[in-house]
Amino acid sequence: MTSLPLIQIASDDPTGSTSRRAAMPPRHLADLDLSGRQAVVTELGESAFRARQISTHYFGRLVREPARMTDLPAAARDRIAAELLPNLLTPVREVATDDGATRKALWRLHDGSLVESVLMGYPDRVTVCISSQAGCGMACPFCATGQAGLTRNLSTAEIVDQAVYLAGVAASGLLAGSPSRLSHVVFMGMGEPLANYARVVAAVRRLTAPAPEGLGLSQRHVTVSTVGLVPAMRRLADEGLSVTLALSLHAPDDELRDELVPVNQRWKVAEVLDAAWHYAERTGRRVSIEYAMIRDVNDQPWRADLLGRLLTGRLTHVNLIPLNPTPGSRWDASPKPVEREFVRRLRAAGVSTTVRDTRGREIDGACGQLAAAAVTQ
Ligand code: SAH
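Residues numbered from 1 in each chain as written. Predicted model: local features only at pLDDT ≥ 70, side-chain atom pairs only at ≥ 80, totals over all residues. Heavy atoms only, no water.

As annotated in an unreviewed UniProt entry, the chain is Probable dual-specificity RNA methyltransferase RlmN from Plantactinospora mayteni. Of the comments in the UniProt record for the chain, the one headed Subcellular location (unreviewed entry) reads "Cytoplasm". According to the UniProt record, the Sequence similarities (unreviewed entry) comment for the chain reads "Belongs to the radical SAM superfamily. RlmN family." (UniProt positions renumbered as here; feature names shortened; annotations may be inferred.)

What follows covers the UniProt feature "binding site: [4Fe-4S] cluster" (unreviewed entry) in the chain. Annotation from UniProt places "binding site: [4Fe-4S] cluster" (unreviewed entry) at Cys136, Cys140 and Cys143. Its location among the elements puts Cys140 in the loop between strand E5 (133-135) and helix H4 (144-148). On the basis of relative accessibility, which here comes to 9%, the residue Cys140 falls in the buried class. The contacts of Cys140, once residues within four sequence positions are left out, are Gly146, Gln147, Val227, Leu260, Val261 and Pro262. (Helix = DSSP H or I, 4+ residues; strand = E, 2+ residues; numbered from the N terminus. Buried < 20%, exposed > 50% of the residue type's maximum accessible area, 1.4 Å probe, protein only. Contact = heavy atoms within 4.5 Å.)

All chains considered together, the criterion is met by 3 aromatic pairs. Both rings, one in Tyr58 and one in Phe59, keep their centres 4.8 Å apart while their planes meet at 85 degrees; by these two values the pair is edge-to-face. Take Tyr58 and Phe59: they sit in the same class, and that class is buried. Relative to Phe342, the ring of Tyr291 has its centre 5.1 Å away and its plane inclined at 40 degrees; by these criteria the two rings are tilted. Residue Tyr291 is found in strand E10 (residues 287-293), and its partner Phe342 is found in helix H11 (residues 336-348); the two are separated by 51 residues along the sequence. We classify Phe342 as buried; its relative accessible area is 1%. Here the guanidinium or amino end of Arg125 rests over the ring plane of Tyr122, the centre of that ring lying 4.2 Å away. The lysine or arginine in question, Arg330, covers the ring of Trp331, its NZ or CZ lying 4.3 Å from the ring centre. (Phe/Tyr/Trp six-rings, centres within 6.5 Å; stacked < 30°, edge-to-face > 60°. Lys NZ or Arg CZ within 6 Å of the ring centre and 35° of its normal.)

As a further point, take the site of the ligand. Neighbouring the ligand are 20 residues, the closest being Phe142, Ser225, Ser248, His250 and Asn324. Contact distances for the ligand include 2.6 Å between an oxygen atom and a side-chain N or O atom of Ser225. Measuring from an oxygen atom of the ligand, one finds a side-chain N or O atom of His250 at 2.6 Å. Burial of the ligand by the protein amounts to 97% of the accessible area it has alone, namely 530 Å². Residues of the shell around the ligand, tallied by class, amount to 9 nonpolar, 9 polar and 2 charged. (Near = heavy atom within 4 Å. Polar contact = N/O pair within 3.5 Å; in protein donor to acceptor, adjacent residues only side chain to side chain. Areas by Shrake-Rupley, 256 points an atom, 1.4 Å probe, with all protein chains shown as cover. Nonpolar A, V, L, I, M, F, W, Y, C, P; charged D, E, K, R; others polar.)

The buried fraction of E10 amounts to 7 of the 7 residues, a majority that puts the element mostly inside the structure. The side-chain alternation of E10 yields two buried faces, one formed by Val287, Ile289, Tyr291 and Met293 and the other by Ser288, Glu290 and Ala292. The pairing of strand E9 (residues 244-248) with E10 spans 3 bridges and is classified as parallel. Bridge assignment links Leu247 to a residue of E10, and that residue is Ile289. Looking at chain direction, E10 and strand E11 (residues 316-322) are connected through 7 bridges and run parallel. Its bridge partner being in E11, Met293 is matched across the sheet by Pro322. Handedness of the crossover is the feature at issue here: the chain leaves E10, passes through helix H10 (residues 301-311), returns alongside E11, and the resulting connection is right-handed. (Pairing = 2+ DSSP bridges. Right-handed = clockwise from strand over helix to strand, strands pointing away.)

Attention now goes to the side chain of Arg285. Summarising the element assignment, Arg285 is placed in the loop between helix H9 (269-283) and E10. There is no salt bridge for the buried Arg285, and the closest opposite charge comes from Glu290, which lies 12 Å off by N-O distance. Of note is the side chain of Arg285, whose polar atom sits 2.9 Å from the side chain of Thr244. Contact partners of Arg285, with chain neighbours within four places excluded, come to Arg220, Ser242, Val243, Thr244, Tyr279, Ala280 and Leu315. (Lys, Arg positive; Asp, Glu negative; His and termini not counted. Salt bridge = Lys/Arg side-chain N within 4 Å of Asp/Glu carboxyl O.)

Note on strand geometry: in a regular strand, side chains alternate between the two faces of the sheet. Counting buried residues along strand E8 (residues 222-226), 5 of its 5 residues qualify, which places the element largely inside the surrounding structure. Taking every second residue as pointing to the same face, both faces of E8 are buried, with Val222, Val224 and Thr226 on one and Thr223 and Ser225 on the other. As defined by bridge partners, strand E7 (residues 184-187) adjoins E8 across 3 bridges and the pair is classed as parallel. Note on E8: the bridge partner recorded for Phe187 is Val224. Regarding topology, helix H6 (residues 197-208) serves as the crossover connection from E7 to the parallel E8, and that connection is right-handed. Pairing of E8 with E9, which is carried by 4 bridges, proceeds in the parallel orientation. Paired with Val224 across the bridge in E9 is Leu245. Taken together, E8, helix H7 (residues 230-237) and E9 form a β-α-β motif whose crossover is right-handed.

Our next topic: the sheet that holds strand E4 (residues 126-129). Spatially, 10 strands are ordered E1-E2-E3-E4-E7-E8-E9-E10-E11-E12 in an open sheet, and the strand pairing comes out mixed. A strand with exactly one partner marks an edge of an open sheet, and here the two such strands are strand E1 (90-97) and strand E12 (353-355). Taking the axes of each pair of neighbouring strands and ignoring which way they run, one obtains an average angle of 20 degrees across the sheet. Note that E1 and strand E2 (residues 102-108) share 7 bridges and pair antiparallel. Looking at E2, one finds that Glu94 is bridged to Ala105. (Axes fitted to C-alpha atoms, helices over the stretch in contact; angles between N-to-C directions.)

The structure is reproduced here in structure tokens:
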């Protein structure tokens, strides 16, 4: 087995060798399913019904502050809030762009770690892009988050609370020209979701369970994006979830992918695509192939043709992402004519292909630009 000195995986044991900086947050109701919440509440000597009541506030009405849950007796509310509603996310900054249709939120977590989320309004849907880790250990050289390394995994509730908070922002009508209800979640913020597997899967279950157990989103409207951790992709295929899997491929050949997505040194293009097709087969879901278009690096016509050959006849869709150059990067986005030729060749091979719009570029909220620690210094 080749060693991967560049890639960092968090210890999942919060009491283990991790530093104080990497401490996990206190437990929150979104870490637990409804019966778990009921167990906590009854242990406090309160009626199990109270668990449903606070869950209805949190997931049904998007009320996150205990002080606003006024139908609970104050004493019971305080006791329950101390156990199940710790403050997990402190907003540090919220910025809007794209005429108010895109909003980025920067949060401070209980241990001082910083993470970001992005809310995007469209005429027919509202999407939130959430983080699964503080930082990222995957070291992709074109990604801003990847440069700072991994701080720690987020807890299930820290992941879910980003979506609940921003669903509340959407519900308050702040996104002009969009529905007020959050409909889509993409795990395309900071971190590698499948490196924080159990908490991400629990977060997906919470986001998609009907209220008051969860937020009630459709599983089909949740996308989990990965660099291609093959065993975890295979495990996800067996979870019985119908979420969309997005694979950050970025190169059709091992030589280049070894550099752009260093985990490729461990799991090669052929293996990662096999795992993707396994996922498509098990779930019936089309797998998204993400491909950042980098000028003179991965955008040559021969790479489009090779990619086309790898994907033709498969249940897949290619999302080309114009590269968002990160500070100090030697790379740039491909010119539009080169991008158009790449699209043309993929489509000629029968592969469904679109180019992603790049929301939030000027607020450093676009794909790969989330690097919270850097922007606050
Ligand atoms: N770790 C996961 C999810 C996070 S990033 C993953 O890698 O899939 C979501 C997408 O943005 C990934 O496809 C990632 O490769 C891409 N991305 C990262 N940096 C980018 C940049 N500077 N420009 C364009 N896309 C970028």
